[in-house]
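# Examining the three-dimensional arrangement
Here are the chains, one letter per residue:
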Amino acid sequence: MDHNVRLALLVVLLFVYLFICAGMFHALEPWTDASWLKNSNFSFSPEDLRNSTAENRNATAPFPLVPRSYFESFFYMMSVITTIGYGHIVPVNGFAKFFTAISANFGIPLVIYILAHFGSKVSNLVLEGEDRFLRRVPGPYGRRTVTVMLVELFGLFFILMVPGSIFARLEGWNFADGTWYAFVSVTTIGFGDLVSGQRYAGVEADPNLPLFNFYILCKCCYILVGMTWVATLWFLIADVLPPVRPEGQQVQKAEEPEPEPVPRGTLLSNQA
């Protein structure tokens, strides 16, 4: 099978896995659905849930802590398998916690495998451009330094600043907050101080809007693209770093080839 086709199938498999896991996670927390909770006589309010499950965090934080819709469960699973972990949604019952742990054990290696292949392919394309356009830069380390700086500047503008301005527009943030959210997302830091999807176009987000669900899918694709940029930088830098040896291990000297045996009588005949 062609390598590109296999990689495309892996991406499809990742999203299918996310859709299945999101559905199962949402089914494990059916009472947290926003429309069901609103139309029921359930006496346990979201504020009570926030206070009971978040003793060590700010109780006034504007996060639901529980998925309000299926697509919020989808974004929750995306934050789990990418190890971002914003903390804006958490599993409440034991079954949901156990399922999250199991799905992460399979999803995280799949994401790492896909990112490794994407980062390798993109870095190879970048290296082809380096050989073509940076020939006049002296030294291999000089060329690689310029290449890394150009890739870094490209990502700062197209991966952080441009999406950050879009987040700021849709979420009602300023430009600095939007760029900060983009940074902590693609680097998988995920502080959780800012989480997109809580507001839409400056007003409280409605998880039942189809456009809002499309927005969540776009965010998931953006996170994968941004993490690919980070993986590409890692490949470009690691390519020129010296190999790392375990502490105390000595460098083995290359064995010198043994001289070829001289046929008996040849040396004496040459001296005669």
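Because the structure is predicted, anything quoted here is derived from the model rather than measured.

### Remarks on the packing of helix α5 (residues 94-133) against helix α8 (residues 210-238)
For the pair α5 and α8, the least separation of the axes is 8 Å and the interaxial angle reads 60°. The angle between the axes of α5 and α8 places the two elements in the oblique class. Two packed elements cross with a definite hand, and for α5 against α8 that hand is right-handed. Contacts between α5 and α8 pair Val111, Leu115, Ala116, Phe118, Gly119, Ser120, Val122, Ser123, Val126 and Leu127 from the former with Leu224, Met227, Thr228, Ala231, Thr232, Phe235 and Leu236 from the latter. Partitioning the contact of α5 with α8 into residue classes produces 12 nonpolar, 5 polar and no charged.

### Considering the UniProt feature "transmembrane region" (unreviewed entry) in the chain
In this numbering, the UniProt entry assigns the feature "transmembrane region" (unreviewed entry) to residues 7-28, 73-91, 146-168, 180-200 and 212-237. In this annotation, residues 7-28 is assigned 100% helix and 0% strand; the end-to-end C-alpha distance for the span is 32 Å.

### Some thoughts on the confidence of the model for the chain
Looking at the chain as a whole, the pLDDT averages 81, with 72% of positions reaching at least 70. The element-level mean pLDDT for the chain is lowest in helix α2 (residues 34-38), coming to 44, with helix α7 (residues 175-186) highest at 96. Confidence drops under pLDDT 50 across residues 32-44; counting only partners more than four residues distant or on other chains, this segment forms 19 contacts. A low-confidence stretch, residues 52-61 (pLDDT under 50), is modelled with 11 contacts involving residues beyond four sequence positions or located in other chains.

Rules used throughout
- Residues numbered from 1 in each chain as written.
- Predicted model: local features only at pLDDT ≥ 70, side-chain atom pairs only at ≥ 80, totals over all residues.
- Heavy atoms only, no water.
- Axes fitted to C-alpha atoms, helices over the stretch in contact; angles between N-to-C directions.
- Helix = DSSP H or I, 4+ residues; strand = E, 2+ residues; numbered from the N terminus.
- Parallel < 35°, antiparallel > 145°, perpendicular 65-115°, else oblique.
- Left-handed = near helix turned anticlockwise from the far one by under 90°.
- Contact = heavy atoms within 4.5 Å.
- Nonpolar A, V, L, I, M, F, W, Y, C, P; charged D, E, K, R; others polar.
- UniProt positions renumbered as here; feature names shortened; annotations may be inferred.
- pLDDT = per-residue confidence, 0-100.

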